[in-house]
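Remarks on the overall topology
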Protein chains: 2
Amino acid sequence: MIGLTCFSCAKHYPATELINLCECGKPLRVDYDLPALDRSKLTGLDMWRYRDVLPASTHKTLGEGGTPLIRSDRNGVEFYVKDEAVNPTGSFKARGMALAVAMAVKLGATKLAVPSAGNAGGALAAYAALHGVEAHIFMPRDVPEANRMECELLGAHVTLIDGLLHDCAKALGERKEHEGWFDLSTLKEPYRVEGKKTMGYELAEQFDWNLPDVVIYPTGGGTGLIGMGKAFDEMERMGWIGAKRPRMVSVQAAGCAPIATAFSQGRSDSDLYPNASTIASGLRVARAIGDFIMLDLIRKTGGTAVTVTDEALMKATYGLAASTGISVCPEGGACYAAFQDLVAAGQIKEGERVVIFNTGTGLKYREAFTRYPA
Amino acid sequence: MIGLTCFSCAKHYPATELINLCECGKPLRVDYDLPALDRSKLTGLDMWRYRDVLPASTHKTLGEGGTPLIRSDRNGVEFYVKDEAVNPTGSFKARGMALAVAMAVKLGATKLAVPSAGNAGGALAAYAALHGVEAHIFMPRDVPEANRMECELLGAHVTLIDGLLHDCAKALGERKEHEGWFDLSTLKEPYRVEGKKTMGYELAEQFDWNLPDVVIYPTGGGTGLIGMGKAFDEMERMGWIGAKRPRMVSVQAAGCAPIATAFSQGRSDSDLYPNASTIASGLRVARAIGDFIMLDLIRKTGGTAVTVTDEALMKATYGLAASTGISVCPEGGACYAAFQDLVAAGQIKEGERVVIFNTGTGLKYREAFTRYPA
């Protein structure tokens with residue numbers, strides 16, 4: 001690791017102290033002097049298999065990463081599901097928090113805070129417990145109960161806020177300086193992306209270093225897409241893969257679609273989405289600070305940004321679960337719905353290798369399943 | 001695999017057709033002509049790493065097994081948690097069902113049925129979906145809602161019964177012949193144990209083929225204990241480990257303790273536990289058909305069978321979660337409570353290597369956490 005660079009203005013920072021955003025207000029990227037690593041020498045069952053391209057030397061782990069790629073098909077069109085439900089705390093958020101908490105603690109933080117519409121809170125609570133530091137979590141009052149209970153089980157301090165995720169962020173922001181909290185919000189520190197990028201490394205390895213044609217990913221804050229894009233670039237620089245990239249497809253809910261809207265308007269950044277609402281709580285992100293990075297990535301790879309309705313995504317959640325055995329969450333269902341739409345529209349062709357991300361376990365979504373019964 | 005042998009009367013059966021119990025009414029064991037396998041040649045990240053000592057050649061998988069061993073300590077006494085929460089459907093039941101469903105389907109079954117007090121139902125639902133066969137699940141009406149919803153998400157047919165697990169088994173038994181269901185109840189077919197035994201193989205490998213001193217395991221139906229005991233014996237025959245065994249500790253709830261009661265009375269089998277009741281739904285098993293196998297294993301290894309109260313196990317659930325970051329379930333909490341009791345009683349000494357099993361994710365236990373808040 002040689003330092004940090006702003007994703008937007010390219011200003012450099014050393015990676016030796018706690019830092020949130022660039023002076024210009026945009027996210028920071030971790031840079032490496034990438035060694036000529038031998039990809040055949042990787043060891044371990046979890047995401048620390050890629051430790052040589054990760055910033056933390058510390059290795060406290062709950063076994064995050066190393067998730068399965070499950071092959072299935074729909075009406076003869078094959079697809080793969082990357083099942084992130086089998087992570088600690090049941091979601092992909094474990095990868096980012098494992099690394100972000102390790103780095104924050106290494107750099108001196110003892111009180112960590114995050115706003116969360118769902119899974120990020122539980123993941124922070126878990127890794128704060130693992131490292132023996134405090135976790136302070138701000139959640140919308142209508143967050144799924146399982147997310148709140150998980151934080152409490154893991155010993156975190158939970159504050160419920162009337163509003164959406166950005167309202168939680170605001171409430172956190174007003175208190176953090178006085179309380180001495182380090183803010184681990186999505187892309188407001190450089191290291192969650194580094195954990196998330198291991199999804200990209202795993203995909204490459206699971207496809208025998210020959211990336212798939214299409215990756216369909218549910219988009220809230222966007223660190224997953226951004227992390228995978230970064231992983232692909234790093235692997236190319238190390239000679240692990242070639243220049244080919246999957247078409248990156250961002251999936252949002254019809255009721256909260258800032259990225260899909262900006263994409264369709266040809267814009268390079270997004271606006272706060274008005275009256276944001278969807279049953280898929282992880283997609284209730286009305287504005288993402290990394291919007292410009294995502295929009296660039298989607299366009300560069302020839303991908304697209306689409307929306308699905310709550311009805312369609314819940315129907316697809318049941319459909320994907322019952323046909324594969326995977327504990328699908330509504331965000332994963334949204335990707336399966338989008339996959340079917342893209343096949344129907346001829347944008348995905350038979351024979352293409354398509355990956356759908358199931359970002360977490362359906363177990364936490366009691367309210368959604370109650371409102372949309374099987 | 002060379003055939004099946006009754007755990008009790010030693011009668012032999014071929015392993016070529018669907019079978020439940022021995023004619024004498026007791027469970028059947030799978031026997032192998034164990035080859036001189038090289039333990040350094042194991043490959044893969046999940047339980048199919050041990051495929052050479054498993055009966056199924058089919059390899060449909062959701063990524064079950066390969067769970068982490070997490071090191072922690074309490075007041076200076078070190079212990080390890082084997083975290084089964086990160087399995088598909090969030091519990092250790094995935095291991096047994098992955099194999100039992102594969103074998104049942106291979107041998108011609110198309111409709112599978114099981115009574116379940118919790119996690120077994122979800123696991124059957126998942127693997128039935130993976131293999132494209134029907135799942136019929138009989139659950140107590142007071143089963144945690146998350147367990148029922150998970151079965152429905154995965155496309156299973158759920159029947160709720162007024163009563164306990166053995167009442168569910170009875171209701172299933174009355175219908176199975178007419179409906180053509182194959183009964184996958186705990187130890188009423190030979191292959192769930194074969195999946196569970198992979199926990200023993202993983203433990204040995206994670207401790208570098210030098211077994212720990214004590215294994216503390218929550219006991220409902222008992223396939224976990226029985227499977228691990230079988231794994232240790234198989235590994236010794238292959239020369240992978242020596243003759244040393246961990247002291248096997250069975251943990252039950254004070255309100256449902258058939259094994260602990262039989263153990264303390266010096267008996268070799270158990271009675272139906274009257275008015276069985278506990279908040280830890282996985283321990284609500286008033287009588288286990290494999291009681292005699294467990295009691296023999298516990299005594300042979302110098303282990304013990306203990307009970308903890310619901311108050312103590314819920315307190316320990318929160319304590320273990322908040323000190324490790326693991327999504328602990330009440331059954332895992334019961335083991336942690338028992339660990340503390342055994343240390344206090346001098347039955348576990350400093351420096352011994354102790355493994356506590358967290359058999360599933362706490363995420364499914366909303367009712368328990370509501371009744372016993374943090």
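This text follows the structure it describes.
What you are looking at is a predicted structure, and each value in this text was computed from that prediction instead of being measured.

Ordered in space as β2-β1-β3 (chain B), the three strands form an open sheet in which the pairing is antiparallel. Single-partner strands in this sheet number two, and they are β2 (12-13) and β3 (28-31) of chain B.

With that settled, consider the interface of chain A and chain B. At the junction of the two partners, chain A supplies 39 residues and chain B supplies 40 residues. Taking both sides of the interface into account, the surface hidden between chain A and chain B amounts to around 2,900 Å²; carbon and sulfur atoms contribute 69%. At the boundary of chain A with chain B, the tally comes to two residue pairs in polar contact (both at pLDDT 80 or more). Put simply, the parts of the chain that give the side of chain A that touches chain B at least two residues each are α2 (119-131), α3 (145-153), α10 (310-324) and α12 (366-371) of chain A.

All names here are of chain A. Taking burial as the measure, the five residues of strand β10 (residues 214-218) include five buried ones, the bulk of the element. Two elements, β10 and strand β11 (residues 247-253), share five bridges in a ladder whose sense is parallel. Paired with Tyr217 across the strands is Ser250, a residue of β11. Regarding the hand of the β-α-β motif, the stretch spanning β10, helix α7 (residues 223-237) and β11 is right-handed. Inspection of the sheet shows β10 paired to strand β13 (residues 354-358) by three bridges, in the parallel sense. Among the inter-strand pairings, Val214 is bridged to a residue of β13, identified as Val354.

This brings us to empty space enclosed by the protein. Tallying each qualifying case throughout the model produces five cavities of 30 Å³ or more. Along the walls of the largest cavity sit 25 residues, with Ala146(A), Leu363(A), Ala146(B), Leu363(B) and Lys364(B) positioned nearest its centre. For the lining of the largest cavity, the secondary-structure elements that each account for two or more residues are α3 and α12 of chain A together with α3 (145-153) and α12 (366-371) of chain B. Approximately 200 Å³ is the volume attributed to the second largest cavity. Ala85(A), Asn87(A), Gly90(A), Ala85(B) and Gly90(B) are the residues nearest the centre of the second largest cavity, which is lined by 26 residues in total. For the lining of the second largest cavity, the class distribution of residues is eleven nonpolar, twelve polar and three charged.

A volume near 1,100 Å³ is recorded for the largest pocket. Forming the boundary of the largest pocket are 44 residues, of which Leu45(A), Gly66(A), Gly44(B), Leu45(B) and Asp46(B) lie nearest the centre. Within the residue set of the lining of the largest pocket, elements represented by two or more residues are β4 (69-74), β5 (77-83) and α6 (198-206) of chain A together with β4 (69-74) and α6 (198-206) of chain B. For the lining of the largest pocket, the per-class residue count stands at 15 nonpolar, 17 polar and twelve charged.

A few words on the relation of the copies chain A and chain B. You can overlay chain A on chain B at an RMSD of 0.0 Å; the transform is a turn of 180° with a shift of 0.0 Å along its axis. Both copies of the chain, as the preceding transformation shows, are related through a two-fold rotation axis. The rotation axis passes nearest to the C-alpha of Val86(A) in chain A, at a distance of 2.3 Å. Here 100% of the contact residues of chain A are again contact residues in chain B; the copies associate through an equivalent surface.

Residue and element names in this part refer to chain B. Sheet topology note: the strand β7 (residues 134-140)/strand β8 (residues 157-161) ladder contains five bridges and is parallel. For Ile137, the partnering residue across the bridge sits in β8 and is Val158. As a crossover connection, the stretch from β7 through α3 into β8 is right-handed.

Taken as a whole, this structure holds 57 salt bridges over all chains when the rule is applied. With a closest N to O distance of 3.0 Å, Asp31(A) and Arg29(A) form a salt bridge. Ionic pairing is found between Asp38(A) and Lys41(A), a salt bridge with its closest N-O pair at 3.5 Å. Taken together, the salt bridges that share partners define one network made up of Glu145(A), Arg148(A), Glu152(A), Arg366(A), Glu145(B), Arg148(B), Glu152(B) and Arg366(B).

Rules of the game
- Residues numbered from 1 in each chain as written.
- Chains lettered and ligands numbered in written order.
- Predicted model: local features only at pLDDT ≥ 70, side-chain atom pairs only at ≥ 80, totals over all residues.
- Heavy atoms only, no water.
- Pairing = 2+ DSSP bridges.
- Helix = DSSP H or I, 4+ residues; strand = E, 2+ residues; numbered from the N terminus.
- Contact = heavy atoms within 4.5 Å.
- Buried area = accessible area lost by both parts, 1.4 Å probe.
- Polar contact = N/O pair within 3.5 Å; in protein donor to acceptor, adjacent residues only side chain to side chain.
- Buried < 20%, exposed > 50% of the residue type's maximum accessible area, 1.4 Å probe, protein only.
- Right-handed = clockwise from strand over helix to strand, strands pointing away.
- 1 Å grid on protein atoms, 1.4 Å probe; cavity = no way out; pocket = protein on both sides within 12 Å on 5 of 7 lines; lining within 4 Å.
- Points joined across faces, edges and corners; volume = space filled by probe spheres on them.
- Nonpolar A, V, L, I, M, F, W, Y, C, P; charged D, E, K, R; others polar.
- Least-squares fit on C-alpha atoms with pLDDT ≥ 70 in both.
- Salt bridge = Lys/Arg side-chain N within 4 Å of Asp/Glu carboxyl O.

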